[in-house]
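# Structural overview for review
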Amino acid sequence: MLKAGIASAVALATLPVTLRGTNAAALSKPVVAESSFARIVEVGDGVFAVVSTPLDSAGNFATPQTLCNGGLVVGDERILSVDGYYQPEGAAWVNEQAKKLFGRPVSDVICTHLHLDHTGGLAGFQDGATGPEIYMTARTWAMMVDQYSSGTAVDGTSFLAPPARLVGPTRVIDDESQSHTLDLGGRSVTILPLGGHTPSDLAILVDDLPITFGGDLAWWGLFPNYVDAVPSKLAGSVETLMSGGSRLMVTGHGGLVSTDDMAPYAELIASIDSAALQARERGWSPEKAGEVYKMPASTADWGFFNPRYPERAVAAWYREWGMATP
Ligand SMILES: [Zn+2]
């Protein structure tokens, strides 16, 4: 969700945040590991959700080591980590838990999209000369290089510091027109290319259990981030994830939720689409649209990582429509 670090988000995250569903859905499953920044929850036989708890009670990003939700899928031969987390410390913690719980480290990491809260920690999986295969789409890697390979000036030097210790893919997915299978030994996952949260998103479906890792196409209890969104694709991708029977959705942020119960999230996205259309008709700026935007009743108690997210969502539509935004 973050473009270049969390500083601006921290500064703006002043609203109290309720993570509706996080505790109810996550804590009804066995917690197998816990830290100040995340807990690992067993959501199926050999399938684990990493549920991040980055915010303190005042809504500040007090513990952003993992920041996004992800997970582990344990096969007979390989262990998949869904996403690379925000900081190497977060990824290293997840890797340590894999070694403790299963006797072996993560062997494969699939990055659902470019944002640093899902890729900034990748270096933490490396152990000396040994590290996992890292999968991402060619477009995701290109966007990471585009957005993150420069940086800010380091005081007193002539150098620029990128916003993270960037790590690139060892396996590139260059065909997003079809799904891909990753065999973990005795079980496999389907990698489903979609789009909407960014131009290039991946969802990961466990093939032998009704569990989906939605990346940031799926949020629960928190208003989604549209900073790089392609909003014309988002609703359709969410519909795809909600179809195909009842599955547990490990969201990119917020709580875990059954796909049967995700209608409020789809309503929230539809409400943004309507708000953007109305704003265009009335000649409003995204800022004005964000000010007057009202959450649907079904998500009225959802929180915000950043109170300007509704404005950014309308701005994403304006970008797609080729309308200049301030
Ligand atoms: Zn994210």
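Thresholds applied
- Residues numbered from 1 in each chain as written.
- Predicted model: local features only at pLDDT ≥ 70, side-chain atom pairs only at ≥ 80, totals over all residues.
- Heavy atoms only, no water.
- Pairing = 2+ DSSP bridges.
- Helix = DSSP H or I, 4+ residues; strand = E, 2+ residues; numbered from the N terminus.
- Axes fitted to C-alpha atoms, helices over the stretch in contact; angles between N-to-C directions.
- Contact = heavy atoms within 4.5 Å.
- Phe/Tyr/Trp six-rings, centres within 6.5 Å; stacked < 30°, edge-to-face > 60°.
- Buried < 20%, exposed > 50% of the residue type's maximum accessible area, 1.4 Å probe, protein only.
- Lys NZ or Arg CZ within 6 Å of the ring centre and 35° of its normal.
- Salt bridge = Lys/Arg side-chain N within 4 Å of Asp/Glu carboxyl O.
- UniProt positions renumbered as here; feature names shortened; annotations may be inferred.
- pLDDT = per-residue confidence, 0-100.
- Right-handed = clockwise from strand over helix to strand, strands pointing away.
- Donors = N, O, S within 2.8 Å, 3.2 Å for Na, K, Ca; no water.
- Tetrahedral: all angles 85-135°; square planar, octahedral: opposite > 155°, others 65-115°.

## What about the sheet that holds strand E3 (residues 47-52)?
In space, the eight strands of this open sheet follow the order E1-E2-E3-E4-E5-E6-E7-E10, with mixed pairing throughout. Of all strands in the sheet, those bounded by a partner on one side alone are strand E1 (31-34) and strand E10 (171-173). The average undirected angle you get between the axes of adjacent strands in this sheet is 20°. Relative to strand E5 (residues 79-82), strand E4 (residues 70-74) is paired through four bridges, and the arrangement is antiparallel. In the strand pairing of E5, Val73 is matched with Leu80. Sheet strands touched by helix H5 (residues 138-148): strand E7 (133-137) and E10. Its angle to E7, the strand with the most contacts, is close to 90°.

## Quick look at the packing of aromatic side chains
This structure, assessed with the given rule, holds eleven aromatic pairs. Pairing Trp219 with Phe305 gives two aromatic rings, centres 6.0 Å apart and planes at 70°, and the pair type is edge-to-face. Pair noted here: Trp219 is in strand E14 (residues 211-220) and Phe305 is in the loop between helix H8 (286-292) and helix H9 (309-320), with a separation of 86 residues, a long-range link. Since its relative accessible area comes to 0%, Trp219 is described here as buried. A centroid spacing of 5.1 Å and a plane angle of 25° characterise the contact between Trp317 and Trp321, whose relative ring orientation is stacked. Taken together, the aromatic side chains of Phe223, Tyr226, Tyr293 and Phe304 make up a single cluster linked through ring pairs. For the cation-ring pair, Arg280 lies above Trp321, with the distance from its terminal atom to the ring centre recorded as 4.1 Å.

## Examining the pattern of salt bridges
Following the criterion strictly, the structure yields eight salt bridges and no others. In this structure, Glu311 and Arg308 form a salt bridge, with 2.9 Å as the shortest nitrogen-oxygen distance. In this structure, a network of salt bridges that share partners links the residues Glu96, Lys99 and Asp127.

## So, the UniProt feature "domain: Metallo-beta-lactamase" (unreviewed entry) in the protein chain
Under the UniProt annotation, "domain: Metallo-beta-lactamase" (unreviewed entry) lies at residues 67-253. Annotation note: span residues 67-253, helix share 22%, strand share 30%, distance between end C-alpha atoms 8 Å.

## Points about the confidence of the model for the protein chain
Across the protein chain, the average pLDDT comes to 91, with 91% of residues at or above 70. Per-residue pLDDT stays below 50 along residues 1-27; that stretch engages in 88 contacts with residues further than four places along the chain or on separate chains.

## Describing the pairing of strand E15 (residues 248-254)
A large share of E15 lies buried, amounting to seven of its seven residues. As paired strands, E14 and E15 are joined by six bridges and run parallel to one another. In the strand pairing of E15, Phe213 is matched with Val250. Taking the sense of rotation as the criterion, the β-α-β connection linking E14, helix H6 (residues 231-242) and E15 turns out right-handed. Where E15 and strand E16 (residues 257-258) come together, two bridges link them in antiparallel fashion. Considered in E16, the bridge of Met249 is made with Val257. If you look at the hairpin formed by E15 and E16, you'll find two residues sitting between the two strands.

## Observations regarding the coordination of the zinc ion
In this structure, Asp117 (OD), His118 (NE2), Asp216 (OD) and His253 (NE2) serve as the protein donors to the zinc ion, at separations of 2.0 to 2.1 Å. Relative to the metal, the four donor atoms surrounding the zinc ion lie at angles of 85 to 167°, and the coordination shape comes out irregular. Positions of the donor residues of the zinc ion, expressed as sequence spacing, correspond to D-H-x97-D-x36-H. On the criterion of sequence distance, the pair formed by Asp216 in strand E14 and His253 in strand E15 is long-range, its members being 37 residues apart.

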